[in-house]
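# Working through the structure, step by step
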Amino acid sequence: AWGYARGADSMGVDIIQNCEVIGIDREGGKVTGLRTTRGTIRTRKIGVVTAGHVSTIMDMAGVRMPIESQCLQALVSEPI
């Protein structure tokens, strides 16, 4: 992940850590910005690299993905 981040950074991508996307703004079917926990970011392009949450984020943009995110939980234990 850090290798991709460094590569993206070297190509001019702004990476903001610990900043949750809470909405995607659109006008005329095009992305105009992101609403985040740190404020609004105006942009014409976004990259969604959220692994298991991609359909959740794309729903904010009004885009239906061919996969569906599911909340999973696991418990790992070992005999005592």
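Please read all numbers here as calculations on a predicted model, not as lab measurements. (Residues numbered from 1 in each chain as written. Predicted model: local features only at pLDDT ≥ 70, side-chain atom pairs only at ≥ 80, totals over all residues. Heavy atoms only, no water.)

### Let's talk about the sheet that holds strand 3 (residues 39-42)
Within the open sheet, the three strands sit side by side as 1-2-3. Their pairing is antiparallel. Edge positions in the open sheet fall to strand 1 (21-27) and strand 3, since each of these has one partner strand only. Averaged over all adjacent pairs, the angle separating strand axes in this sheet is 25°, with direction ignored. Pairing between strand 2 (residues 30-36) and strand 3: four bridges, direction antiparallel. Bridge assignment links Leu34 to a residue of strand 3, and that residue is Ile41. (Pairing = 2+ DSSP bridges. Helix = DSSP H or I, 4+ residues; strand = E, 2+ residues; numbered from the N terminus. Axes fitted to C-alpha atoms, helices over the stretch in contact; angles between N-to-C directions.)

### A closer look at the environment of Ser55
Along the polypeptide, Ser55 turns up in helix 2 (residues 54-60). For the pair formed by Ser55 and Glu78, sequence separation is 23 residues and the distance between their alpha carbons is 34 Å. Residues within four places of Ser55 in sequence aside, it is in contact with Met65, Ile67, Glu68 and Ser69. (Contact = heavy atoms within 4.5 Å.)

### Topic: unusual backbone geometry
Even without being glycine, Asn18 reaches a positive phi, approximately 55°. Residue placement: Asn18 occurs in the loop between helix 1 (2-10) and strand 1.

### Notes on the pattern of salt bridges
If you walk through the whole model with that rule in mind, you get two salt bridges. The partner of Arg35 in a salt bridge is Asp25, with the nearest N and O atoms 2.6 Å apart. Taken together, the residues span a long stretch of sequence, with Arg35 in strand 2 and Asp25 in strand 1 at a distance of 10 residues. In this structure Arg35 comes out as partly exposed when scored by relative accessible area, which is 36%. Under the relative-accessibility criterion, Asp25 is labelled buried at 16%. Arg42 serves as the salt-bridge partner of Asp25, at 3.5 Å between the closest nitrogen and oxygen. (Salt bridge = Lys/Arg side-chain N within 4 Å of Asp/Glu carboxyl O. Buried < 20%, exposed > 50% of the residue type's maximum accessible area, 1.4 Å probe, protein only.)

### Focus: the pairing of strand 1
Here strand 1 pairs with strand 2 via six bridges, running antiparallel. Across the sheet, Val21 pairs through a bridge with Thr36, a residue of strand 2. Between the antiparallel neighbours strand 1 and strand 2 lie two residues, among them Gly28 with a positive phi of about 60°.

### A closer look at the environment of Asp14
Turning to its location among the elements, Asp14 is positioned in the loop between helix 1 and strand 1. For Asp14, a relative accessible area of 72% corresponds to the exposed category.

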